[in-house]
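Spelled out, the chains give:
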Amino acid sequence: MKYIDEFQDPDLARRLLDDIHAAVTRPWALMEVCGGQTHTIIRHGIDQLLPDQVELIHGPGCPVCVTPLEVIDKALEIASRPGVIFCSFGDMLRVPGTGRDLFQVRSEGGDVRVVYSPLDALKIAQQNPDREVVFFGIGFETTAPPNAMTVYQARKLGIRNFSLLVSHVLVPPAIEAIMRSPNCRVQAFLAAGHVCSVMGTGEYPELAERFRVPIVVTGFEPLDILEGVRRTVLQLERGEHTVDNAYARAVRPEGNPAARAMLADVFEVTDRAWRGIGVIPASGWRLSERYREYDAEHRFSVSGIRTLEPAECRSGEVLQGLLKPHECEAFGTVCTPRTPLGATMVSSEGACAAYYLYRRLDLPAAAASKTAAAAEHAGASGTPAPDSTPVPTATATATAAPGPHAPREASPVV
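Residues numbered from 1 in each chain as written. Predicted model: local features only at pLDDT ≥ 70, side-chain atom pairs only at ≥ 80, totals over all residues. Heavy atoms only, no water.

Undergrad: Tell me about the pairing of strand E3 (residues 84-88), residues and numbers included.
TA: The element E3 is largely enclosed, with a buried count of 5 among its 5 residues. Of the two faces of E3, both are covered, the one formed by Val84, Phe86 and Ser88 as well as the one formed by Ile85 and Cys87. Pairing geometry for E3 and strand E4 (residues 111-114), over 4 bridges, is parallel. Along E4, the bridge assignment pairs cysteine 87 with arginine 113. The parallel pair E3 and E4, bridged by helix H6 (residues 102-107), forms a crossover whose chirality is right-handed. (Buried < 20%, exposed > 50% of the residue type's maximum accessible area, 1.4 Å probe, protein only. Helix = DSSP H or I, 4+ residues; strand = E, 2+ residues; numbered from the N terminus. Pairing = 2+ DSSP bridges. Right-handed = clockwise from strand over helix to strand, strands pointing away.)

What follows is the structure, given as structure tokens:
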């Protein structure tokens, strides 16, 4: 199938990996700014196939994960009110707020519905003129255009019982905040191709020049990631810092002019809080004055809700690339997909969820626990303890490729 098999070809993966191994002469730290890319990297063991000198740092690229706790609590408050139909994509329902989530609100009688498009929520509003319908609009520049179009349509059609709870965030200000952090180790970025397909690449050259970091726009399949890493490493080794589009099949320099025009009409830039990180200036959108009547935060008077992040959750450090998920004390014990402390363990793009799904069995803590359990079993049964080392299993076509780039330790399929 085009764009699936072609971008998971093991022979091409072998060639790209050979090129990367041949090019690297010193350590480099690269950050991918997309949760989808993070899952591709961990699922397919790409980070384990790369040279030891190339470290991939997971950035704040999961839209669910960076939605701040206070916005989740605002959603919970609105969804709990009588006469409200609260609509959301499914991945937001299990994101923990302060003490509960949207699933619990639904179990308590709230009318919380999963939809597949904001236009579905608008249709529900048309069908229920006596009720308030709210859509939870989150995400980066990728999901903002359909949300903007829905508000535009609501105004055009005169539908007054629809509103949008907005929590949109922007990638370039996040890159700037990361680079300004005193703890920053990032030397280059893999930029998210879907964001650039909307916004283009015009905002990145200034960042690349000011912070002297290569920024390579890439996609989401294994070969996309490897090609992005290859181009990034070549720039670093040559001492260059430019913007390179490795996702030309989807990204044009100007982006999508129609989508950008819609965004400029419906939204305006504002300071935005990021979960676990804090407020980043000019890093988000809110509804512009022309569409302010469709802002659920103002319509339901929940703008005063303020919250504190739970101290035991270190997702903020994960989102900033300061901590790998398995380095958190709560990972896989107190914090699991069934009992999450933060959104990074729940979201389909969260780094903690990726490590839990694809990597937890070959982490040191898991191995030690398994060894202890085996020893205890051996002592009870009188039989020798089995080898506790997980059996390496290729998680992608790339991991099966022989050669000098053999994986340090392939991840077992969970």
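Undergrad: I'd like a rundown of the packing of helix H2 (residues 35-43) against helix H16 (residues 351-358), residues and numbers included.
TA: With their axes 9 Å apart at the nearest point, H2 and H16 run at an angle of 20° to one another. For the element pair H2 / H16, the angle class is roughly parallel. The hand of the H2/H16 crossing is right-handed. In this structure, H2 contributes Thr38, His39, Ile42 and Arg43 to the contact, and H16 contributes Ala351, Ala353, Ala354, Tyr355 and Tyr358. (Axes fitted to C-alpha atoms, helices over the stretch in contact; angles between N-to-C directions. Parallel < 35°, antiparallel > 145°, perpendicular 65-115°, else oblique. Left-handed = near helix turned anticlockwise from the far one by under 90°. Contact = heavy atoms within 4.5 Å.)

Undergrad: Outline the pattern of salt bridges, listing residues and values.
TA: As enumerated under the stated definition, the model contains 26 salt bridges in all. In this structure, arginine 359 engages aspartate 47 in a salt bridge whose closest nitrogen and oxygen atoms are separated by 3.0 Å. Of this pair, arginine 359 sits in the loop between H16 and helix H17 (364-381) while aspartate 47 sits in helix H3 (residues 46-49), and the two are 312 residues apart along the sequence. Note on accessibility: arginine 359 and aspartate 47 belong to one class, buried. The salt bridge involving arginine 292 is made with glutamate 268; its shortest N-O contact spans 3.1 Å. With arginine 292 in the loop between strand E11 (278-287) and helix H14 (296-299) and glutamate 268 in strand E10 (residues 267-274), the pair connects residues that are 24 residues apart, well separated along the chain. Residue class for arginine 292 comes out buried when judged on its relative accessible area of 19%. (Salt bridge = Lys/Arg side-chain N within 4 Å of Asp/Glu carboxyl O.)

Undergrad: Residue-level account of helix H8 (residues 144-157), with values.
TA: An ideal rise of 1.5 Å per residue puts 20 Å on 14 residues; H8 measures up with 20 Å between its terminal C-alpha atoms. What H8 keeps buried is the set Ala144, Pro145, Asn147, Ala148, Thr150, Val151 and Ala154. Note on H8: the residue one or two positions beyond its end, glycine 158, has a positive phi of about 70°. (Expected span 1.5 Å × (residues − 1).)

Undergrad: So, the packing of helix H7 (residues 118-127) against H8: which residues are in play, and what are the values?
TA: Helix packing geometry: the angle between the two helix axes and the distance between the axes. Contact pair H7 / H8: the axes reach a minimum separation of 9 Å and the direction vectors enclose 25°. Judged by the inter-axis angle, H7 sits roughly parallel to H8. Relative to H8, the crossing made by H7 is right-handed. Of the residues in H8, those touching H7 at Pro118, Leu119, Leu122 and Gln126 are Pro146, Asn147, Thr150, Gln153, Ala154 and Leu157. Taken together, the residues of the contact of H7 with H8 break down into 6 nonpolar, 4 polar and no charged. (Nonpolar A, V, L, I, M, F, W, Y, C, P; charged D, E, K, R; others polar.)

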